[in-house]
Amino acid sequence: MDQQKQLQALSDEYQGLQTELTTIVTARQKLESQYTENKSVHKEFAGLADDAKIYKLVGPVLLKQDTTEAKSTVDGRLDYIEKEIKRVEANIKDVQAKSEGKKTEIMQIQSQMQQPAVQG
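Residues numbered from 1 in each chain as written. Predicted model: local features only at pLDDT ≥ 70, side-chain atom pairs only at ≥ 80, totals over all residues. Heavy atoms only, no water.

## A look at the environment of Gln 18
Quick note on the threshold: A run of H or I in DSSP becomes a helix once it reaches four residues, and a run of E becomes a strand once it reaches two; helices and strands are each numbered from the N terminus. We call two N or O atoms a polar contact when they sit within 3.5 Å, provided that within protein one can donate a hydrogen and the other can accept it, with sequence-adjacent residues counted only if both atoms are side-chain atoms.
Within the element layout of this structure, Gln 18 appears in helix 1 (residues 3-46). Gln 18 sits 78 residues away from Gln 96 along the chain, and the two C-alpha atoms are 8.3 Å apart. One polar contact links Gln 18 to Ser 99, side chain to side chain, over a distance of 2.5 Å.

Rendered as structure tokens:
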């Protein structure tokens, strides 16, 4: 494959990786927002008396919920979100590494394309 086509293919791959990275970072931000919200609820629950009444919004209706069940649901959500954040961060690192590899390849090909022009 000639260098121009190879350079175009690498550029397209690099662009795809950058788009994927943007999507993953957006997902990471959403998870962080959910984590903060659930952490706030967790703090609220910590300050409640054991006999406090907790209501859950289901559609347009508020339903009474067992305190222990509500606390355990929030704890479970926090654990899940923490694991998802770690998974997404690993994915971000992976895509960043691939992206850097493509960037290096592109720079090498551009350098090779410039050398004959300088020598000629």
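## Looking at the UniProt feature "coiled-coil region" (unreviewed entry) in the protein chain
To keep it simple, the criterion reads: UniProt positions are given in the numbering used here, feature names are shortened, and annotations may be inferred rather than shown by experiment.
The sites that carry the UniProt feature "coiled-coil region" (unreviewed entry) are, in the present numbering, residues 78-105. Annotated as residues 78-105, this span is 100% helix and 0% strand, and its ends, taken at the C-alpha atoms, are 41 Å apart.

## Structural notes on a nonpolar patch on the surface
Our working definition: Each patch groups residues whose relative accessible area exceeds 30% and which form no salt bridge, using 9 Å between like charges and 5 Å between nonpolar side chains of Val, Leu, Ile, Met, Phe, Trp and Tyr. Every accessible area reported is derived by Shrake-Rupley at a probe size of 1.4 Å, with residue values counting cover from the shown protein chains alone. For this document, the term salt bridge refers to a Lys or Arg side-chain nitrogen within 4 Å of an Asp or Glu carboxyl oxygen. Only protein chains enter the calculation, and the probe is 1.4 Å; a residue is then buried if its accessible area is under 20% of its type maximum, exposed if over 50%, and partly exposed in between.
Residues Tyr 55, Leu 57 and Leu 62 make up a contiguous nonpolar surface patch of about 350 Å² in total accessible area. Relative to the helices and strands, Tyr 55 is located in strand 1 (residues 54-58). The class for Tyr 55 is partly exposed, based on a relative accessible area of 47%.

## Looking at the environment of Gly 47
With respect to the helices and strands, Gly 47 occurs in the loop between helix 1 and strand 1. Separated by 59 residues in the primary sequence, Gly 47 and Ile 106 place their C-alpha atoms 56 Å from one another.

## With respect to the environment of Ile 85
Here is the rule: Residue contacts are counted whenever heavy atoms from the two residues lie within 4.5 Å of one another.
With respect to the helices and strands, Ile 85 occurs in helix 2 (residues 67-119). On the accessibility criterion, Ile 85 (9% relative accessible area) is buried. With 64 residues separating them in the primary sequence, Ile 85 and Leu 21 have C-alpha atoms 14 Å apart. Contacts of Ile 85, omitting those with residues within four sequence positions, involve Arg 28, Leu 31, Glu 32 and Tyr 35.

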